[in-house]
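Coordinate analysis (summary)
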Amino acid sequence: MTDDEFERVNEDGASVDDFATRAIHAGWDPDPETGAIMPPVYASSTFAQDAPGEDRGYEYSRTGNPTRTALEDNLASLEGGEYGRAFASGMAAINTVLNLLESGDHVVVGRDVYGGTHRLFTQVYEDYDLEFSFVDATDLKAVEAAMTSATELVWIETPTNPLMQIVDIEAVADVAHDGDALLAVDNTFATPYLQRPLAHGADIVAHSLTKYLGGHSDVVGGALVTDDPDLDERLGFSQNSVGATPDPFACFLVLRGTKTLPVRMDRHSENARRLAAWLDDHPAVEGVHYPGLDSHPGHDIAAAQMDDFGGMLSVEFDATLEAVRTVVSETEVFTLAESLGGVESLIEHPATMTHAAVPAAERRETGITDGLVRLSVGLEGIDDLRTDLQRAIEAGIGG
Ligand code: P1T
């Protein structure tokens, strides 16, 4: 870490060069007046000014709030970026990136993305005369071929939701930059503990804080991080103008979550690795999408750009829709629910849940079949998780 980065994470010069240390300390030093270890929830919509236009750093909570600043600085530090912006949801953060564009602009999008992202792009922004080309972003030639003179943004997830495909961030950044476009990477599945896209050439990192960063399924939030001051200023203009900002209690909850991100991600990754290996050998399972498996087509790229493979995986069953619906309904330790990244394990059926907004033909083209089941592997005991899945598979499919 350079001296500059060192100063960025802690102006007082405490030793904070390790990710785990920054997860706990970046963004907040104990309150000089009271010694409060945690940032207070500054439940104040407005702030006293000493004279008109002379504030003490804060004027109005949509524009800025001290609890939010603590979170924004913490997230920027974890992503290795200079500027963080927090939002009321992941979708609000993604929307803010699109606010950078003008009608007539073109966006190249990795085909396998969260269903809500697909919906925002195609059902909201196409009406504002933005054009989107969805391509297999694991295929560099396809990304290159989709670029036009109007392309201003390339949008990818890696690992992707729900197929766990791995996109080579550095290679796609080169393609985007060759075409004078920005690269935005949704880093929700990996988290900055496992992958820092700015270091691989991305211009903007997006997050749903609702997931691993919050970590406890008790808050909805989003974030953007960048290293570019002009870009940050434009994102900040939209953040304040549109006003989809998080309340200070939401910021407090996410900050509580980020402190334990490294230990949680280690355990998520370990449990997912073990479940993936077990499922890969299971007779009822046709395929397992987990980048930690040697057989995963993106394994080598994932090993190079990630520090571990994370807690998400998806499983392909060769079974009827009804049988698969039984499997996901029968688990007891895994809860049937959308979302991911909390301490508890969740199971869901992308085709009818998280990706139902994607038209059926496009889902099929992407590979989101009716037999696909997604797991957010939590921190429970591995034997309980395995037994639970085995029982549910037997109930739905047999074997
Ligand atoms: O739900 P929200 O905080 O608005 O975040 C949206 C979002 C953005 N990016 C990715 C990669 C996501 O997975 C999500 C939300 N995803 C789910 C709710 C889900 O179950 O996949």
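Remember, it's a predicted structure, so these values are computed and weren't measured experimentally.

Cut-offs applied
Residues numbered from 1 in each chain as written. Predicted model: local features only at pLDDT ≥ 70, side-chain atom pairs only at ≥ 80, totals over all residues. Heavy atoms only, no water. Helix = DSSP H or I, 4+ residues; strand = E, 2+ residues; numbered from the N terminus. Rg over C-alpha atoms; globule rule 2.2 N^0.38 Å. Buried < 20%, exposed > 50% of the residue type's maximum accessible area, 1.4 Å probe, protein only. Contact = heavy atoms within 4.5 Å. Areas by Shrake-Rupley, 256 points an atom, 1.4 Å probe, with all protein chains shown as cover. Lys, Arg positive; Asp, Glu negative; His and termini not counted. Charge placed at Lys NZ, Arg CZ, Asp CG, Glu CD. Near = heavy atom within 4 Å. Polar contact = N/O pair within 3.5 Å; in protein donor to acceptor, adjacent residues only side chain to side chain. Nonpolar A, V, L, I, M, F, W, Y, C, P; charged D, E, K, R; others polar. Domains from an automatic or database assignment. Buried area = accessible area lost by both parts, 1.4 Å probe. Pairing = 2+ DSSP bridges. Core = buried A, V, L, I, M, F, W, Y, C linked by side-chain atoms within 4.5 Å. Axes fitted to C-alpha atoms, helices over the stretch in contact; angles between N-to-C directions.

**Here we look at the overall build of the protein chain**
- Counting its regular elements, the protein chain contains 15 helices and twelve strands.
- A compact globule built from 399 residues should have a C-alpha radius of gyration of about 21 Å, and the protein chain, at 21 Å, falls within 12% of that.
- Each principal axis of the C-alpha atoms in the protein chain carries an extent, and together these give about 75 × 50 × 35 Å.
- Here the protein chain holds 399 residues, and the buried ones make up 54% of them.
- Sequence-distant contacts, at least 24 apart, represent 71% of the contacts inside the protein chain between residues at least 6 apart.
- Looking at the protein chain as shown, the accessible area adds up to about 16,600 Å², and 47% of this sits on carbon and sulfur atoms.
- One finds the centroid of the 24 positive side-chain charges in the protein chain at a distance of 6 Å from the centroid of its 70 negative side-chain charges.

**Looking at unusual backbone geometry**
- In this chain, T158 is followed by P159 through a cis amide linkage whose omega measures -5°.
- A positive phi angle, close to 60°, is found at M164, a residue other than glycine.
- Residue position: M164 is located in the loop between β4 (151-157) and α7 (169-178).
- Overall, M164 belongs to the buried group, its relative accessible area being 2%.

**Considerations on the site of the ligand**
- Near the ligand you find 19 residues, and of these D186, T210, K211, S339 and R374 are the closest.
- One of the side-chain N or O atoms of R374 is found 2.8 Å from an oxygen atom in the ligand.
- Considered on its own, the ligand offers 480 Å² of accessible surface; in the complex 93% of this is hidden by protein.
- Counting residues per element, the shell around the ligand draws most heavily on helix α4 (residues 90-98), which supplies three residues.
- In terms of residue class, the shell around the ligand is made up of five nonpolar, nine polar and five charged.
- Counting the residues that make up the shell around the ligand, at least three belong to each of domain 1 (16-258) and domain 2 (261-396).

**Side note on the domain arrangement of the protein chain**
- By domain assignment, the protein chain separates into domain 1 (16-258) and domain 2 (261-396).
- The straight-line distance from the C-alpha centre of domain 1 to that of domain 2 is 25 Å.
- Between domain 1 and domain 2, the residue contacts involve 42 residues of the former and 43 residues of the latter.
- Together domain 1 and domain 2 conceal approximately 3,300 Å² of surface at their shared face, both sides included; 61% is due to carbon and sulfur atoms.

**A short note on the pairing of strand β7 (residues 222-226)**
- Summarising burial for β7: five of the five residues are buried, a large majority.
- Residues G222, L224 and T226 of β7 are buried on one face, and the alternating residues A223 and V225, pointing to the opposite face, are buried as well.
- With five bridges joining them, strand β1 (residues 83-87) and β7 adopt antiparallel strand pairing. By the bridge assignment, F87 is partnered in β7 with G222.
- In this structure, strand β6 (residues 204-208) lies alongside β7, joined through five bridges in antiparallel fashion. What sits directly across from S208, in β7, is G222.

**Considerations on the side chain of H296**
- Relative to the helices and strands, H296 resides in the loop between β8 (285-289) and α12 (299-305).
- Once you skip the residues sitting within four places of it in the chain, H296 turns out to touch M164, Q165, I166, H289, Y290 and P291.

**Section: the nonpolar core**
- By size, the foremost hydrophobic cluster in this structure holds 61 residues, and its most contacted members are L71, L275, L279, Y290, L313 and L375.
- Each of domain 1 (16-258) and domain 2 (261-396) gives at least three residues to this core.
- Sequence-distant contacts of Y290, defined by excluding residues within four places in its chain, comprise S269, A272, R273, A276, H296, F309, G310, M312 and L313.
- Membership of the second largest hydrophobic core comes to 25 residues, among which are L100, L101, F134 and L231.

**Structural notes on the sheet that holds β4**
- Pairing is mixed in the open sheet, where seven strands are placed in the order β1-β7-β6-β5-β4-β2-β3. In this open sheet, the two strands that pair with only one neighbour each are β1 and β3 (131-135). Strand-to-strand, the axes of this sheet are offset by a mean angle of 20°, without reference to chain direction.
- Here three bridges tie strand β5 (residues 182-186) to β6, and the two strands are oriented parallel to one another. What sits directly across from A184, in β6, is I204.
- Where α4 meets the sheet, it contacts β1, β3, β4, β5, β6 and β7, and its direction lies at approximately 40° from that of β7.

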